[in-house]
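# An overview of the molecular structure
The chain contents come next:
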Amino acid sequence: MTAYPQEWLHRNWIIREAQHAHNSGALPAKELSRIKAAYPALYYCPSIFTRIALFVLTNMASSSIMGFILLLSSSVGSNRASGTLYLVLSVVSILAADYFIRQHRHYKSGVDTSLLWMAPSFLLIGLNIHLELTFNTNALIVLVATTLITIRYVNHAMTIAALLSFFALLYNIIAQSGEGLRASMPFLLLSVAAAIIMLADK
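Described below are features of the structure shown in this document. Please read all numbers here as calculations on a predicted model, not as lab measurements.

Thresholds applied
- Residues numbered from 1 in each chain as written.
- Predicted model: local features only at pLDDT ≥ 70, side-chain atom pairs only at ≥ 80, totals over all residues.
- Heavy atoms only, no water.
- Phe/Tyr/Trp six-rings, centres within 6.5 Å; stacked < 30°, edge-to-face > 60°.
- Buried < 20%, exposed > 50% of the residue type's maximum accessible area, 1.4 Å probe, protein only.
- Helix = DSSP H or I, 4+ residues; strand = E, 2+ residues; numbered from the N terminus.
- Salt bridge = Lys/Arg side-chain N within 4 Å of Asp/Glu carboxyl O.
- Axes fitted to C-alpha atoms, helices over the stretch in contact; angles between N-to-C directions.
- Parallel < 35°, antiparallel > 145°, perpendicular 65-115°, else oblique.
- Left-handed = near helix turned anticlockwise from the far one by under 90°.
- Contact = heavy atoms within 4.5 Å.
- Nonpolar A, V, L, I, M, F, W, Y, C, P; charged D, E, K, R; others polar.
- Core = buried A, V, L, I, M, F, W, Y, C linked by side-chain atoms within 4.5 Å.

### Points about the packing of aromatic side chains
Counting across every chain of the model gives eight aromatic pairs. A ring pair is formed by Tyr4 and Trp8, whose centres lie 6.3 Å apart and whose planes are at 35 degrees; its orientation type is tilted. Classification of Tyr4 by relative accessible area gives buried; the value is 2%. Judged by centre distance (6.5 Å) and plane angle (85 degrees), the ring pair of Tyr4 and Tyr153 falls under edge-to-face. Separated by 149 residues along the polypeptide, Tyr4 in the segment before helix 1 (6–23) and Tyr153 in helix 6 (residues 135–153) bring together distant segments of the chain. Connected via pairs of aromatic rings, a cluster forms that spans Tyr4, Trp8, Tyr43, Tyr107 and Tyr153.

### Description of the pattern of salt bridges
Working definition: two side chains of opposite charge can pair if their charged atoms are close together. For the coordinates displayed, the defined rule picks out three salt bridges. Ionic pairing is found between Glu7 and Arg11, a salt bridge with its closest N-O pair at 2.7 Å. Linking Glu7 with Arg11, this pair stays in helix 1, spanning four residues, or about one helical turn. Residue classification places Glu7 among the partly exposed positions, given a relative accessible area of 36%. The class of Arg11 is buried, set by a relative accessible area of 17%.

### Focus: the packing of helix 5 (residues 111–130) against helix 6
For the pair helix 5 and helix 6, interaxial distance at closest approach is 10 Å and the crossing angle is 155 degrees. One element, helix 5, and the other, helix 6, form an angle in the roughly antiparallel class. The crossing of helix 5 and helix 6 is right-handed. Residues Leu116, Pro120, Leu123, Leu124, Leu127 and Asn128 of helix 5 touch helix 6, and the partners they reach there are Asn138, Ile141, Val142, Ala145, Ile149 and Tyr153. Class assignment of the residues belonging to the contact of helix 5 with helix 6 gives a composition of 10 nonpolar, two polar and no charged.

### Some remarks on the nonpolar core
Counting residues in hydrophobic clusters, the biggest one holds 14 residues, and the most contacted among them are Tyr4, Trp8, Ile101, Tyr107, Leu116, Ile149 and Tyr153. At the level of elements, helix 1, helix 4 (79–103), helix 5 and helix 6 are the ones that each hand at least two residues to this core. Per-element tally for this core: the top contributor is helix 5, with three residues. Sequence-distant contacts of Leu116, defined by excluding residues within four places in its chain, comprise Ile94, Ala97, Ile149, Tyr153, Asn155 and Met158. In terms of nonpolar packing, the next biggest core, distinct from the first, is built from five residues, Ile69, Tyr86, Leu89 and Met118 among them.

So this is what it looks like as structure tokens:
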């Protein structure tokens, strides 16, 4: 199901748990070093600063491509052509993320993360150019796209985006309903949040 091989995730989990145990004082530094030597990383995951730099550089490259698309669409003189190009670019972003993961062994390196953020953004732009979408439809598209990316790419930031879009959709649906339902909105939102927390914990 996930784009990352299970062996990567398994080794990452072992090192993370060992690091937590060491930070809490339950695991000596010598044992931590042995565990890290026994389970070396099979992927490319640089330091946080390098990840940020790669994320920014990938975004800059994507912005350049967006500018090129806008120039092409303006020369064609059709908004629908521009929308189609954005939809194509959304698919290309996902394919590029898979390419970097499988061929270059990137694991949340900043490059794949940026491409995964670009994909739903381009999708939303392209669909809104082609169609007059309502707020609820946009929220639903974001919810579905970010949920699929969360499941396939184990992306925690996308989990937050999925939850925000879900609650935005739920809030707007309740706000457009009857007075009685609107009056119970805080209780409903808190109940749904508690159910999600319990389900995630289970």
